[in-house]
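# Understanding the architecture of this molecule
Spelled out from the first residue to the last, the chains are:
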Amino acid sequence: MVIGSKLESLEKLNKLFSLARKGDDDFTEFICNYMAAEYDLQAVVLFKVLEDNNLQVLGKSNNSRKNYLKGSFFRCSVCSIMNEHSSFNVHADSNCELQISEFLVYESCINFKISDKERGFLKIAKKSAFTQSDKDALINIVDFLSFLLQVWMNAKGGNLVVHETSFTNVVHDTAQEMRTPANTIIGFTSILAEDNLTSSQSEYVNTIKKNAQNLLLSINDLFETAKLESGAVQNVLKSTDVRALLAETLDLFKN
């Protein structure tokens, strides 16, 4: 199950980059659904900001409102962050005219820079209120999204420029940032497990800890993959207990 989880995570990232590099029309839909699933979002809609501050839909997640069709145009008289040209801005307003979810949830607008000439606008919906931790995580997410959009737009224009090193750096930095919260969850669930919990509560805590450990394994694999692509991996030779290695490997597939 652990191996399957790690492979699935890597396959999704690989598919994202592959679709972007090919300029595939399904890329924007795929990345919106990826964000919704990976970050537990109620809905995601990705826009391109036009010169007159109109918004053109590039893609949306399946759980977004049906009226946000790809290529359609929208405008919001409430959002002022579209006039800001900084690389990243987050704004939440209950009066926003761009309601992307059918449910009563918390929604935020994110204005970000794709390139010197292009700006993106991301609308996301979440069941719970956005915390400072959420906003900090969004910086890394949007950095990665911005890079993929540059690759995708270059491919769509017939001028494919893929900077493998830049992609590797983004993956490396993202994996580093994700390690700390994953380790924190594992640490606190270990402490919590020592309390006087009911059997149900112990099961919940163990499930959270196990999933956090699986997530950390996936992050470590992503980190190592980035090192491989950048040529930063060094060969290390050391003695190995073959019996123990085989037993450990077989244990992974026992179930």
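Just so it is clear, the model here is predicted, and its values are computed rather than measured.

## As for the overall build of the protein
- Scanning the protein from terminus to terminus reveals six helices and six strands.
- Walking the protein from its N terminus toward its C terminus, one meets helices and strands in the order α-α-β-β-β-β-β-β-α-α-α-α.
- Residues classed as buried in the protein amount to 35% of the 255 residues present.
- A separation threshold of at least 6 residues defines the contact pool for the protein, and within that pool the share at least 24 residues apart is 54%.
- By element, 51% of the accessible surface of the protein is carried by carbon and sulfur atoms, the whole surface being about 15,500 Å².

## A few points about the pairing of strand 1 (residues 43–49)
- In terms of residue burial, strand 1 counts as a mostly covered element, since six of its seven residues are buried.
- As defined by bridge partners, strand 1 adjoins strand 2 (residues 55–60) across five bridges and the pair is classed as antiparallel. Bridging from a neighbouring strand, Leu-46 pairs with Gly-59 of strand 2.

## Remarks on the pattern of salt bridges
- Applying the stated criterion to the full structure yields four salt bridges.
- A salt bridge links Glu-102 to Arg-65, with the shortest nitrogen-to-oxygen separation between them at 3.7 Å. Residue Glu-102 is found in the loop between strand 4 (88–91) and strand 5 (106–113), and its partner Arg-65 is found in the loop between strand 2 and strand 3 (73–74); the two are separated by 37 residues along the sequence.

## Here's the deal with a nonpolar patch on the surface
- Together, Val-242, Leu-246 and Leu-250 make up a nonpolar patch on the protein surface, roughly 310 Å² of accessible area in all.
- Tracing the backbone through its elements, the reader meets Val-242 in helix 6 (residues 242–253).

## Here we look at the nonpolar core
- Core analysis: the largest hydrophobic core is formed by 33 residues, its most contacted members being Phe-27, Phe-112, Leu-122 and Leu-148.
- Those elements that place two or more of their residues in this core are helix 1 (2–22), helix 2 (27–38), strand 1, strand 5, strand 6 (119–126) and helix 3 (132–156).
- Examining the composition of this core, we find that eleven residues originate from one element, helix 3, more than from any other.
- Residues within four places of Leu-148 in sequence aside, it is in contact with Leu-16, Phe-17, Ala-20, Phe-27 and Ile-31.

## So, the environment of Cys-96
- Its location among the elements puts Cys-96 in the loop between strand 4 and strand 5.
- A sequence separation of 18 residues divides Cys-96 from Val-78, and the C-alpha atoms of the two residues are 5.7 Å apart.
- Setting aside residues up to four positions removed in sequence, Cys-96 forms contacts with Cys-76, Val-78, Cys-79, Cys-109 and Lys-123.

## Focus on the packing of aromatic side chains
- Within the structure shown, the criterion is met by six aromatic pairs.
- An angle of 10° between the planes, with centres 6.4 Å apart, marks the rings of Phe-17 and Phe-147 as stacked. Note that Phe-17 is positioned in helix 1 and Phe-147 in helix 3, a separation of 130 residues in sequence.
- Here the aromatic rings of Phe-47 and Tyr-68 are separated by 6.0 Å at their centres, their planes lie at 75°, and the arrangement is edge-to-face.

## As for unusual backbone geometry
- One non-glycine residue, Asp-40, adopts positive backbone phi at about 55°.
- Examined against the element boundaries, Asp-40 turns out to sit in the loop between helix 2 and strand 1.
- Residue Asp-40 is classed as exposed on the basis of its relative accessible area of 61%.

## What to know about the confidence of the model for the protein
- Per-residue pLDDT for the protein has a mean of 81; in total, 84% of the residues score no lower than 70.
- Per-residue pLDDT, averaged within each element of the protein, yields its smallest value for strand 4 (67) and its largest for strand 1 (92).

## Things to note about helix 2
- Along its twelve residues, helix 2 runs 16 Å from first to last C-alpha, staying within 8% of the 16 Å computed at 1.5 Å per residue.
- Those residues of helix 2 that sit buried are Phe-27, Thr-28, Ile-31, Cys-32, Tyr-34, Met-35 and Ala-36.
- Just past helix 2, the residue Asp-40 takes up positive phi, approximately 55°.

## Overview of the packing of helix 2 against helix 3
- For the pair helix 2 and helix 3, the least separation of the axes is 12 Å and the interaxial angle reads 165°. When the axes of helix 2 and helix 3 are compared, the pair comes out roughly antiparallel. The two elements helix 2 and helix 3 meet at a crossing, and its hand is right-handed. Residues Phe-27, Thr-28, Ile-31 and Met-35 of helix 2 form the contact with helix 3, whose own contacting residues are Ile-141, Leu-145, Leu-148, Leu-149 and Trp-152.
- Within the contact of helix 2 with helix 3, the residues separate by chemical class into eight nonpolar, one polar and no charged.

Basis of the calculations
Residues numbered from 1 in each chain as written. Predicted model: local features only at pLDDT ≥ 70, side-chain atom pairs only at ≥ 80, totals over all residues. Heavy atoms only, no water. Helix = DSSP H or I, 4+ residues; strand = E, 2+ residues; numbered from the N terminus. Buried < 20%, exposed > 50% of the residue type's maximum accessible area, 1.4 Å probe, protein only. Contact = heavy atoms within 4.5 Å. Areas by Shrake-Rupley, 256 points an atom, 1.4 Å probe, with all protein chains shown as cover. Pairing = 2+ DSSP bridges. Salt bridge = Lys/Arg side-chain N within 4 Å of Asp/Glu carboxyl O. Patch = residues over 30% accessible without salt bridge, like charges linked within 9 Å, V, L, I, M, F, W, Y side chains within 5 Å. Core = buried A, V, L, I, M, F, W, Y, C linked by side-chain atoms within 4.5 Å. Phe/Tyr/Trp six-rings, centres within 6.5 Å; stacked < 30°, edge-to-face > 60°. pLDDT = per-residue confidence, 0-100. Expected span 1.5 Å × (residues − 1). Axes fitted to C-alpha atoms, helices over the stretch in contact; angles between N-to-C directions. Parallel < 35°, antiparallel > 145°, perpendicular 65-115°, else oblique. Left-handed = near helix turned anticlockwise from the far one by under 90°. Nonpolar A, V, L, I, M, F, W, Y, C, P; charged D, E, K, R; others polar.

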